[in-house]
Amino acid sequence: MVVLEAIVFWNGMIRVYLTSVQLGLKHRVLAALCGWIPLLNIWYLRKIIRITADEVEFETEKWELDTARAESEVCKTKYPILLVHGVFFRDFRYVNYWGRIPRELQRNGAALYYGQQQSAAAVEDSGRELAERIRQILAETGCGKVNIIAHSKGGLDSRAAIAHQGMAPYVASLTTINTPHRGCIFAEYLLEKIPAAARQKIADTYNAALKRLGDENPDFLAAVTDLTASACEQRNAVTPDAPGVFYQSVMSYCCKAQHGKFPLNMTYPIVKHFDGLNDGLVAVDSAKWGERFTLLEPRGKRGISHGDVVDLNRENIPGFDVREFYVSLAADLKNRGF
């Protein structure tokens, strides 16, 4: 009986370990530990089956929806979409910052490109990199313009490229996602409180690591400093919105610290103390920008964190289909003629 139970359990576990996205690290570890205890292993297998059954049902519905609307190409905008990442990340081919979103957009007709700017740099330096990237896309495709969808600091970088690097004629729209347009008070506080030697040590360690990963000249301190409230206030004064470019912004928030994965669960209470309602890093009031503002309200018990809003954790959140939200964003841009 013990042998038969073990066969049933490990047959099921190997299958879901190889195929499930929603199972997560916690359940994988606990299931492996329970796998050596008769009866308890069957109980945990049933729990795993419930999680993966919900995943199968959800993904089947997504597949059926995409199949039904395939010919409509609802995301086929007039101009290609340029996805611009936030600070401390890079555009890597096999570890996509945007999770499952790009594939969903492309499946529905979108033409996608990536910003490919360095992970950490001053806003103006990142703006120059993005301007060069836009020129490359225009030269390769002859598309005339791009639609930018930018997350976090990427929204500030994109505004700098438009306002200060001559990209206004070549950008049809800018959609910022959880971008700290008015900065982060908590970032300013931390920079003031952390000793200069410690700040420099952290910066040197980060810069050295990211150089090995491909950044030409990463600048940790410049990136963090440009996210402070005072730096954003000064930059906003000299970075007007360009006529002819459609600006809009999106923001989400968490209700509790545990709604965000590490380290957002650690930073959430700090940001709440200084900045108010937030997503673990950015305050809601800081993210409002442009002609239209969309606030993503959490449904039920689960909030939408700074990482959730770009599908960083590949998690199906009850009440918020992140992939479908980006489909709706692209569809709206298409309907607006962009």
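Refer to the preceding data block for the structure.
Since the structure is predicted, the reported quantities are computational estimates derived from the model, not experimental observations. (Residues numbered from 1 in each chain as written. Predicted model: local features only at pLDDT ≥ 70, side-chain atom pairs only at ≥ 80, totals over all residues. Heavy atoms only, no water.)

(A) The arrangement of helix α1 (residues 2-19) in detail. Here α1 is 18 residues long and its end C-alpha atoms lie 26 Å apart, about the 26 Å a rise of 1.5 Å per residue gives. Where α1 is concerned, the buried positions are E5, F9, G12, M13 and V16. An end-on view of α1 places all buried positions within 100 degrees of arc, on one side of the element. Projecting away from the buried face of α1 at angles above 90 degrees are the exposed residues V3, L4, I7, I14, R15, L18 and T19. Residues of α1 that are buried make contact with α2 (24-34) and α3 (40-68). (Helix = DSSP H or I, 4+ residues; strand = E, 2+ residues; numbered from the N terminus. Expected span 1.5 Å × (residues − 1). Buried < 20%, exposed > 50% of the residue type's maximum accessible area, 1.4 Å probe, protein only. Arc of directions from axis to C-beta. Contact = heavy atoms within 4.5 Å.)

(B) Quick peek at the sheet that holds strand β4 (residues 171-177). Taking strand neighbours across the sheet as the criterion, the 6 strands line up as β2-β1-β3-β4-β5-β6 in an open arrangement whose pairing is parallel. Since the sheet does not close on itself, it has two edges, and those belong to β2 (112-114) and β6 (292-296), each with one partner. In this sheet, neighbouring strand axes are inclined to one another by 20 degrees on average, regardless of whether the strands run parallel or antiparallel. In terms of strand pairing, strand β5 (residues 246-252) meets β6 through 5 bridges, oriented parallel. Pairing of M251 across the sheet is with L295, part of β6. (Pairing = 2+ DSSP bridges. Axes fitted to C-alpha atoms, helices over the stretch in contact; angles between N-to-C directions.)

(C) Local environment of the nonpolar core. Counting residues in each nonpolar core, the largest one holds 25 residues, and the members touching the most others are W98, L105 and Y326. Of the residues forming this core, the biggest block, 6 residues, is contributed by helix α13 (residues 322-335). Leave out the neighbours within four places in its chain, and L105 touches C75, A110, L112, Y326, V327 and A330. (Core = buried A, V, L, I, M, F, W, Y, C linked by side-chain atoms within 4.5 Å.)

(D) Main features of the environment of V146. Relative to the helices and strands, V146 is located in strand β3 (residues 146-151). Its relative accessible area of 1% is what places V146 among the buried residues. Ignoring any residue separated from it by four or fewer positions in sequence, one finds V146 in contact with Y79, P80, I134, I137, Y170, V171, A172 and S173.

(E) Quick peek at the side chain of N207. One can find N207 in helix α8 (residues 196-212). Residue N207 is classed as buried on the basis of its relative accessible area of 14%. Those residues in contact with N207 that lie beyond four places of it in its chain are P218, D219 and F220.

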